[in-house]
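Examination of the molecular architecture
What follows is each chain in one-letter form.
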Amino acid sequence: MELRQLEYFVAVAAELNFSRAAQRIHVVQSALSASVSKLEKELGVELFDRSKRQIALTAPGETFLQHAREIINTVQTAQSSVEGYRDRLTGTVTLGTLMSWGTLNLPAALEEFRRLNPLVTVRLRQSLTGSAGHLDAIANGQMDLALVSIPSPPSRQIALHELTHEPMVFVCQSAHPLAHRRRVRLADLDGQDFIHFPLGWGIRRLLDANFAAAGVQPINAYEVADYAIAAELIRHRLATTVLPISAASRFPDLRTVPLNPPLTWTLSLASAAPETVSRATKALVDTITRHIDY
């Protein structure tokens, strides 16, 4: 039984004439008659008495008419219930984030996105394994987008869109011997107590690579997953570290010194291959890229 059969039957019941019913619903009479006959055969009863010049509903037809109208009304109500969603984005986007967003105003981007797309849920997620953890989550489909700090994608299945970049600075307590240098070299940190971050973090990968290239071996006295904790350790003269300048600016009581040669921290937006990205995810990418403060 199809909805169209019910609509044809109700039209004939209203007109009690196949020709007028066909004109009313804009179908040829033969198709209408065939549809009603097929419905009667499926039900095993005659819905119309055709023995007289003027057709009439049979007793089963009268009963069936009530239910047919209810079904059609229910379908129409169901169709109307989703009209408010037509051409509007829906779904869920899972976004991985980092300890530092650089010059990206992420809260403002999320606020605008929710205002423009109230039917989309954005789930914000952090990972103790930083960029590496986010990239793994995107690769296995557990995450749609992620802010990462890596220079190039690890595979062709992951696309990177650079958002912003900034210099990194040496961070120490004001009484530290290097606090008033114009520039600090990585070589100056050889053998010094240093605050590192977890292995999967982009900042850790960047520093490890540059320390190795310079033949420098700082003492990894502390490993933390929070910039605020690192700042507290620095305040108590326990160690120093290197941070993106936007992250270091959160702690104005600490000294920041440029590096020589300079190191650059890059923030990118990672996603799956473009052809597999949902409309809601693409819309969030567009919104995020509009909220970079240059």
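Residues numbered from 1 in each chain as written. Predicted model: local features only at pLDDT ≥ 70, side-chain atom pairs only at ≥ 80, totals over all residues. Heavy atoms only, no water.

Digging into the pattern of salt bridges
The cut-off we apply is this: We define a salt bridge as a contact between a side-chain nitrogen of Lys or Arg and a carboxyl oxygen of Asp or Glu at a distance within 4 Å. With a 1.4 Å probe rolled over the protein chains alone, any residue whose accessible area is under 20% of its type maximum counts as buried; one over 50% counts as exposed, and the rest are partly exposed.
Per the counting criterion, the structure on display carries eleven salt bridges. When the shortest N-O distance is used, the salt bridge between D188 and R181 registers 3.2 Å. Note on D188: relative accessible area 14%, which makes it buried. Exposure remark for R181: the relative accessible area of 40% places this residue in the partly exposed category.

Side note on the side chain of R204
Note the cut-off: Each helix is a run of H or I in the DSSP string that is no shorter than four residues. Each strand is a run of E no shorter than two, and both are numbered from the N terminus. Here a polar contact is taken to be a pair of N or O atoms separated by no more than 3.5 Å, where protein atoms must pair a possible hydrogen donor with a possible acceptor and residues adjacent in sequence count only if both atoms sit in side chains. Contacts were defined at the residue level, with two residues in contact if any of their heavy atoms lie within 4.5 Å.
With respect to the secondary-structure elements, R204 resides in helix α7 (residues 202-214). A distance of 2.7 Å separates the side chain of R204 from the backbone oxygen of F197, its partner in a polar contact. Non-local contacts of R204, meaning those with residues more than four positions away in its chain, are made with H196, F197, P198, L199, N220 and E223.

Describing the confidence of the model for the protein chain
Interpreting fine coordinate detail is not advised for predicted regions of low pLDDT. Using the following cut-off: Per-residue confidence from the predictor is reported as pLDDT, a score between 0 and 100.
For the protein chain, mean pLDDT is 92; residues scoring 70 or higher make up 98% of the total. Considering each helix and strand of the protein chain separately, the mean pLDDT is smallest for helix α4 (residues 59-81), with a value of 88, and largest for strand β10 (residues 255-258), with 98.

A look at the pairing of strand β3 (residues 91-96)
The condition is simple: A strand pair is defined by DSSP finding two or more bridges across the two strands. Seen with its strands pointing away from the viewer, a crossover is right-handed when the path leading from the first strand over the helix to the second is clockwise.
In the sheet, β3 pairs with strand β4 (residues 120-125) via six bridges, with the strands oriented parallel. Directly across from T92, in β4, lies its bridge partner T121. Each parallel crossover has a hand, and for β3 linked through helix α5 (residues 106-116) to β4 it is right-handed. Relative to strand β5 (residues 145-148), β3 runs parallel, the two being bridged by two bridges. From the neighbouring strand, G96 faces β5, where its bridge partner is A146.

So, helix α6 (residues 130-139)
A large share of α6 lies buried, amounting to eight of its ten residues. Lining the buried residues of α6 we find β3, β4, β5, β6 (158-172), α7 and β11 (264-272). Remark: G141 follows α6 within two positions and exhibits a positive phi of approximately 85°.

Thoughts on the nonpolar core
Our working definition: Take the buried residues of types Ala, Val, Leu, Ile, Met, Phe, Trp, Tyr and Cys, join any two whose side-chain atoms come within 4.5 Å, and each joined set is a nonpolar core.
Within the largest apolar cluster, 54 residues are counted, with the highest numbers of intra-cluster contacts made by L189 and I288. No other element matches the six residues that β6 contributes to this core. For L189, the residues in contact, after removing those within four places along its chain, are F170, L178, V184, F194, F211, V216, P218, T240 and V242. Core analysis: the second largest hydrophobic core is formed by 21 residues, V10, L39, L47 and I55 among them.

What about the packing of aromatic side chains?
Where we set the bar: For this analysis, a ring pair means two rings from Phe, Tyr or Trp (six-membered ring only for Trp) whose centres lie within 6.5 Å, classed as stacked if their planes differ by under 30 degrees, edge-to-face if by over 60, and tilted for the remaining angles.
Applying the stated criterion across every chain, the model contains seven aromatic pairs. With a centroid separation of 6.0 Å and an interplanar angle of 65°, the aromatic rings of F18 and F48 are classed as edge-to-face. On the criterion of sequence distance, the pair formed by F18 in helix α2 (residues 18-25) and F48 in strand β1 (residues 48-49) is long-range, its members being 30 residues apart. Considering the side-chain rings of F197 and Y227, the 5.3 Å spacing of their centres and the 80° angle between planes classify their relative orientation as edge-to-face. Of this pair, F197 sits in the loop between β7 (193-196) and α7 while Y227 is found in helix α8 (residues 227-235), placing the two residues 30 residues apart along the sequence. For F197, a relative accessible area of 0% corresponds to the buried category. On the accessibility criterion, Y227 (3% relative accessible area) is buried.

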